[in-house]
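Next come the chains, spelled out residue by residue.
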Amino acid sequence: MEHSRLTFLLLLANILILGASSNLYDDFHECLTDQFRRSNSATDIIYTPQNSTYTTLLLAQNLRPQSTSPERPDLIVTPYHESEVLAAIYCSKKLGMQIRVRSGGHDYEGLSYTSEIPFVMVDMRNFRTISIDSEDKTAWIQVGATLGQVYYTLAQKSKTLAFPAGVCPTVGVGGHFSGGGYGMMSRKNAIAADHIIDAKLINADGKILDRRTMGEDLFWAIRGGGGTSFGIIVEFKVSLVTIPEIVTVFNVTRTSERSVTQLVDQWQHIADKVDENLLLRLFLAPVRSSMGNVTIAASFTSLTPQGLFSPSYFKGKSDYVSSPIPVNGLREIWKILYEEENSQLQFSPYGGVLNTFSESETPFPHRKGNIFMIHYGVGWVSLNESQQRIDWMRKLYSFMGRYVTKSPRAAYFNYRDLDIGRNNVKGTTSYNQASVWGLKYFKNNFRRLVRVKTKVDPSNFFRNEQSVPPLSSK
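Predicted model only: the values in this text are computed from it and were never measured.

Conventions we followed
- Residues numbered from 1 in each chain as written.
- Predicted model: local features only at pLDDT ≥ 70, side-chain atom pairs only at ≥ 80, totals over all residues.
- Heavy atoms only, no water.
- Buried < 20%, exposed > 50% of the residue type's maximum accessible area, 1.4 Å probe, protein only.
- Helix = DSSP H or I, 4+ residues; strand = E, 2+ residues; numbered from the N terminus.
- Pairing = 2+ DSSP bridges.
- Contact = heavy atoms within 4.5 Å.
- Axes fitted to C-alpha atoms, helices over the stretch in contact; angles between N-to-C directions.
- 1 Å grid on protein atoms, 1.4 Å probe; cavity = no way out; pocket = protein on both sides within 12 Å on 5 of 7 lines; lining within 4 Å.
- Points joined across faces, edges and corners; volume = space filled by probe spheres on them.
- Nonpolar A, V, L, I, M, F, W, Y, C, P; charged D, E, K, R; others polar.
- Core = buried A, V, L, I, M, F, W, Y, C linked by side-chain atoms within 4.5 Å.
- Phe/Tyr/Trp six-rings, centres within 6.5 Å; stacked < 30°, edge-to-face > 60°.
- Lys NZ or Arg CZ within 6 Å of the ring centre and 35° of its normal.

Student: Outline the pairing of strand E10 (residues 232-239), supporting the account with residue identities and numerical values.
Tutor: If a strand is regular, its side chains alternate between the two faces of the sheet. When you tally the buried positions in E10, you get 6 out of 8 residues, the bulk of the element. Across 5 bridges, the pairing between strand E6 (residues 138-142) and E10 is antiparallel. Each bridged residue has a counterpart across the sheet, and for Thr138 the counterpart in E10 is Ser239.

Dropping the structure here:
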């Protein structure tokens with residue numbers, strides 16, 4: 001009898017929760033529709049799960065986050081105008097709905113398009129205007145543009161103007177620029193965030209701010225500290241760099257384990273010290289020879305862009321190296337790579353002009369003292385392989401702890417990794433809890449980021465599993 005009563009109460013509770021969620025969804029849709037009509041905006045940019053386009057809008061490069069997330073967006077909004085972004089913020093605050101913002105959909109953990117609680121997604125794909133001033137060597141770039149669009153537009157405008165950012169053409173500007181933006185010109189021209197000279201941001205109060213009106217603290221925070229902790233960035237103004245009309249591009253690959261070990265060892269001792277005009281990136285992966293044996297392939301690459309990727313399951317991590325990995329350590333790494341043929345390591349060199357910036361100049365702290373950054377990646381095609389691949393990745397990451405930076409073990413924010421720590425999904429998150437991951441990404445800059453967050457968004461309206469918390473959450 002008691003068991004039956006308990007079952008009934010649990011069933012009733014679930015019905016009430018589902019009913020409340022449904023009512024909230026309807027209220028949000030009604031609120032948003034009303035706000036759009038007030039600003040003469042079309043309502044056909046609101047997508048519900050019943051829309052045939054809804055699933056297409058959720059497509060992402062990495063299938064893993066959606067496969068583990070219990071929630072999909074209740075609504076997707078694809079604004080064309082700032083007034084429509086303002087409407088989404090207004091209705092989210094009014095009804096207590098969490099909001100997620102997506103520009104390109106490349107967040108490694110899918111925090112721009114997944115959540116563990118009901119939410120609304122603002123997809124900035126239609127904010128993709130790029131306005132170039134060749135004479136002034138500046139550009140206004142909206143956050144929905146991709147890196148490929150930026151580079152193409154620049155090439156159409158000038159043969160000698162460029163912008164230092166990443167190599168994947170489908171990555172969105174919004175997350176990439178605000179999280180740092182390392183690329184193949186970074187030893188010569190620093191990172192994308194170092195070239196942001198103005199920005200337009202909509203805050204939690206619905207105010208549209210530029211550099212002058214937001215103040216230097218907030219402007220500092222969004223140049224490497226991630227934008228979605230502080231508001232919705234609409235566009236960036238950046239300074240462009242001058243390049244020669246002709247540049248050298250090469251990709252040299254070696255596959256003998258003995259020669260690879262020797263070359264990687266030598267590379268570590270010169271990668272951050274060679275002329276800043278040369279960035280020699282190293283890709284390492286297990287490959288199968290024509291004889292069927294597995295060996296390590298090392299590709300030494302300069303200025304070579306990446307191609308397009310088909311959606312797949314993926315897990316990534318990052319590390320920084322300040323002392324060369326010994327030869328015996330490299331051989332042990334190869335052994336672990338042999339266990340997973342769909343893995344790859346990227347060694348991205350630092351040094352050059354990156355050494356001239358202080359750690360606190362922007363939230364991106366990875367400057368002088370780093371030889372190179374490691375990107376770990378493993379991919380797979382079937383959902384049932386997920387745990388096996390992730391376990392392998394964690395094994396490699398654990399092994400690498402002896403060879404990388406410590407106190408903190410640094411990580412690159414744009415290679416998001418929830419394994420290193422996360423905020424509470426519900427309720428508040430203390431500074432101490434968030435600093436577990438925050439100090440890894442931002443070192444001592446995390447403290448200033450928290451102070452900025454406390455000032456500009458004390459209610460923690462803009463939040464996710466790795467957003468900067470306000471001190472009021474302590």
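Student: Lay out the sheet that holds strand E3 (residues 98-102) with the relevant residues and their values.
Tutor: On the basis of which strands lie adjacent, the open sheet formed by 4 strands has the order E1-E2-E4-E3 and mixed pairing. Here the strands that pair on one side only, and so sit at the sheet edges, are strand E1 (46-47) and E3. Judged from the 5 bridges that link them, E3 and strand E4 (residues 119-123) form a sheet pairing that is parallel. The residue bridging Val101 from the neighbouring strand is Val122, located in E4.

Student: Can you explain the sheet that holds E10? Please cite residues and give values.
Tutor: What the 5 strands build is an open sheet, ordered E5-E6-E10-E8-E9; its pairing is antiparallel. Looking at strand neighbours, the two that pair on one side only are strand E5 (130-133) and strand E9 (208-209), the edges of this open sheet. As paired elements, E5 and E6 share 4 bridges and run antiparallel to each other. Pairing of Ile130 across the sheet is with Ile141, part of E6. Most of the contacts of helix H4 (residues 82-95) go to strand E8 (residues 196-202), to which it runs at about 55 degrees, and overall it touches E8, E9 and E10.

Student: Let's hear about the layout of surface pockets: which residues, and what values?
Tutor: Put simply, the second largest pocket is a space of about 830 Å³. Every residue lining the second largest pocket is counted, 33 residues in all, and those nearest its centre are Ala162, Met185, Ile243, Val247 and Leu303. Secondary structure elements with two or more residues in the lining of the second largest pocket: helix H5 (147-157), strand E7 (161-162) and helix H7 (186-189). Residues that form the lining of the second largest pocket fall into these classes: 20 nonpolar, 8 polar and 5 charged.

Student: Go over empty space enclosed by the protein, please, and point to the residues and values.
Tutor: Counted by the stated rule, this structure contains 1 cavity of 30 Å³ or more. Its volume calculated, the largest cavity comes out at about 30 Å³. As for the largest cavity, its lining consists of Gly179, Gly224, Pro363, Phe364, Pro365, His366, Tyr412, Phe413, Tyr441 and Phe442. When its residues are assigned to classes, the lining of the largest cavity shows 7 nonpolar, 3 polar and no charged.

Student: Give me the lowdown on the nonpolar core, citing residues and values where you can.
Tutor: Most often, soluble globular proteins keep nonpolar side chains buried together rather than apart. The biggest cluster of nonpolar side chains holds 122 residues, and the ones touching the most others in it are Phe177 and Leu284. Broken down by element, this core gets its largest block of residues, 7 residues, from helix H12 (residues 386-400). Beyond its immediate chain neighbours, meaning those up to four positions away, Phe177 contacts Ile141, Leu147, Phe163, Ala165, Ala192, Ala193, Ile196, Gly224, Phe236 and Val238. With 9 residues, the next largest nonpolar core counts Tyr54, Leu57, Ala60 and Ile76 among its residues.

Student: Mind laying out the packing of aromatic side chains, listing which residues take part and the relevant values?
Tutor: Taken as a whole and judged by the stated rule, the model has 22 aromatic pairs. Their ring planes at 45 degrees and their centres at 5.7 Å tell us that Phe177 and Phe236 sit as a pair that is tilted. A residue pair is termed long-range when its members are at least 10 positions apart, and Phe177 in helix H6 (residues 173-178) and Phe236 in strand E10 qualify at 59 residues. The exposure class of Phe236 is buried, given its relative accessible area of 0%. Relative to Phe442, the ring of Phe413 has its centre 5.2 Å away and its plane inclined at 45 degrees; by these criteria the two rings are tilted. Of this pair, Phe413 sits in the loop between H12 and helix H13 (431-442) while Phe442 sits in helix H13, and the two are 29 residues apart along the sequence. Through a chain of ring-to-ring contacts, the aromatic side chains of Phe413, Tyr431, Trp437, Tyr441, Phe442 and Phe446 assemble into a single cluster. If you follow Lys317 out to its NZ or CZ, it ends over the ring of Tyr397, 4.4 Å from the centre. The ring of Trp220 is capped by Arg448, whose NZ or CZ atom sits 4.0 Å from the centre of that ring.

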